[in-house]
Amino acid sequence: MTVSNHRSDDTMRAQTSLPALGVALVLLTVVTGMGVAMADAAITGADRTPDERRVAAATADRLVAADGPLAARSNVLNQSLVDSFDRAALERSAPPASEYAVSVELADEEIARSGTVYSGTRITRLVVVESREPRTLSPDLATTDAVTLPRRSAQATVTVDPPAGTTVWTVRANDRVVLHNRSGLNGSYEVSLVPYETTKLRFQRAGRLEPGNVTVEYDAPRSTKETLVVTVDA
């Protein structure tokens with residue numbers, strides 16, 4: 001009788017364990033499935049990230065290069081080129097932008113985009129954005145023979161309108177003769193300047209010049225530091 005009761009208890013315990021075993025198998029299947037899905041997602045993300053980073057870095061480097069579509073020089077962007085930059089210009093300058101979704105932002109403002117970027121990989125570059133503002137000087141050449149222009153001014157328009165009895169025959173930019181006419185200068189002239197130095201224009205003349213007899217028009221540079229962000233979503 002004792003042996004019979006022992007076998008009955010074993011049978012009951014085995015029957016009780018069956019549902020628990022089923023639950024455990026279900027949980028194991030769910031956990032395994034989740035693990036496989038997460039692994040697939042990680043592998044997919046790992047496959048995408050190098051491509052995104054490569055394209056984003058190459059695009060950013062191209063945009064800030066000295067011969068890039070936005071650059072005045074290396075890491076210095078021309079504001080007028082930035083203003084005209086669009087999707088077509090982006091795809092011309094960075095061909096992968098026609099295959100990937102690429103967004104270009106400057107100072108937290110999107111300036112060009114190809115495709116829709118949801119997340120992706122971001123590459124940032126610190127840049128200087130240079131703009132130019134037209135200015136006109138009318139120096140008082142009655143008390144001096146020179147006027148000074150700031151650095152990074154590459155060109156100026158000099159207008160000479162001398163009064164009767166006065167002749168201006170030479171204009172020098174620092175040590176260079178940029179205008180000369182022995183019989184006299186009269187009219188407007190384009191003068192090329194060296195943008196990497198402050199330029200002093202000197203007027204060689206005979207007679208008196210009043211304010212307004214000479215005007216100098218030039219584009220004054222203005223620079224701001226900004227962040228360029230390229231985002232690529234594959």
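Quick notes on the rules
Residues numbered from 1 in each chain as written. Predicted model: local features only at pLDDT ≥ 70, side-chain atom pairs only at ≥ 80, totals over all residues. Heavy atoms only, no water. Helix = DSSP H or I, 4+ residues; strand = E, 2+ residues; numbered from the N terminus. Buried < 20%, exposed > 50% of the residue type's maximum accessible area, 1.4 Å probe, protein only. Contact = heavy atoms within 4.5 Å. Areas by Shrake-Rupley, 256 points an atom, 1.4 Å probe, with all protein chains shown as cover. Polar contact = N/O pair within 3.5 Å; in protein donor to acceptor, adjacent residues only side chain to side chain. Phe/Tyr/Trp six-rings, centres within 6.5 Å; stacked < 30°, edge-to-face > 60°. Lys NZ or Arg CZ within 6 Å of the ring centre and 35° of its normal. Core = buried A, V, L, I, M, F, W, Y, C linked by side-chain atoms within 4.5 Å. Pairing = 2+ DSSP bridges. Axes fitted to C-alpha atoms, helices over the stretch in contact; angles between N-to-C directions. Salt bridge = Lys/Arg side-chain N within 4 Å of Asp/Glu carboxyl O.

**Structural notes on the overall build of the protein chain**
So, step 1. Along the backbone of the protein chain there are 3 helices and 12 strands.
So, step 2. A buried classification covers 32% of the 234 residues belonging to the protein chain.
So, step 3. At a minimum sequence separation of 6, the contacts of the protein chain that also span at least 24 residues come to 74%.
So, step 4. Carbon and sulfur atoms form 52% of the exposed surface of the protein chain, whose accessible area is close to 13900 Å².

**Regarding the environment of Glu-217**
So, step 1. Take Glu-217: it is sitting in strand 12 (residues 214–233).
So, step 2. Here Glu-217 falls in the partly exposed class, since its relative accessible area comes to 39%.
So, step 3. When the C-alpha atoms of Glu-217 and Arg-135 are compared, they prove to be 5.7 Å apart, with 82 residues separating the residues in sequence.

**Topic: the side chain of Asp-233**
So, step 1. Take Asp-233: it is sitting in strand 12.
So, step 2. Side-chain polar atoms of Asp-233 contact the backbone nitrogen of Tyr-118, separated by 2.9 Å.

**Re the packing of aromatic side chains**
So, step 1. According to the stated counting rule, one finds 0 aromatic pairs in the structure shown.
So, step 2. Here the guanidinium or amino end of Arg-182 rests over the ring plane of Trp-169, the centre of that ring lying 4.7 Å away.

**Structural notes on the nonpolar core**
So, step 1. The biggest cluster of nonpolar side chains holds 25 residues, and the ones touching the most others in it are Phe-85, Leu-90, Val-102, Val-104, Leu-106 and Val-230.
So, step 2. The biggest single contributor to this core is helix 1 (residues 2–64), with 5 residues.
So, step 3. Here Val-104 is in contact with Leu-63, Leu-90, Glu-109, Glu-110, Ile-111, Ala-112, Leu-228, Val-229 and Val-230, once residues within four sequence places are set aside.
So, step 4. Val-158, Val-191, Val-214 and Ala-220 belong to the second-largest nonpolar core, a separate cluster that totals 20 residues.

**Here we look at the sheet that holds strand 11 (residues 199–206)**
Strand pairing in a sheet relies on backbone hydrogen bonds. The paired strands run either parallel or antiparallel.
So, step 1. Strand order in this open sheet of 4 strands is 6-11-8-9, and the pairing throughout is antiparallel. Only two strands of the sheet have a single neighbouring strand rather than two, namely strand 6 (146–149) and strand 9 (176–180). Within the sheet, the average angular offset between the axes of one strand and its neighbour, ignoring direction, is 25°.
So, step 2. Summarising the sheet, strand 8 (residues 167–173) and strand 9 pair through 4 bridges and their orientation is antiparallel. Bridge pairing in strand 9 links Arg-172 to Val-177.

**Points about the pattern of salt bridges**
So, step 1. This structure, assessed with the given rule, holds 11 salt bridges.
So, step 2. Across the pair Asp-61 and Arg-125 runs a salt bridge, and its minimum N-O distance is 2.8 Å. Highlighted residues: Asp-61 in helix 1 and Arg-125 in strand 5 (residues 121–137), separated in sequence by 64 residues.
So, step 3. Relative accessible area serves as the criterion here: at 39%, Asp-61 is assigned to the partly exposed category.
So, step 4. The class of Arg-125 is partly exposed, set by a relative accessible area of 26%.
So, step 5. Its salt-bridge partner being Glu-133, residue Arg-222 comes within 3.2 Å of it at the nearest N-O pair.

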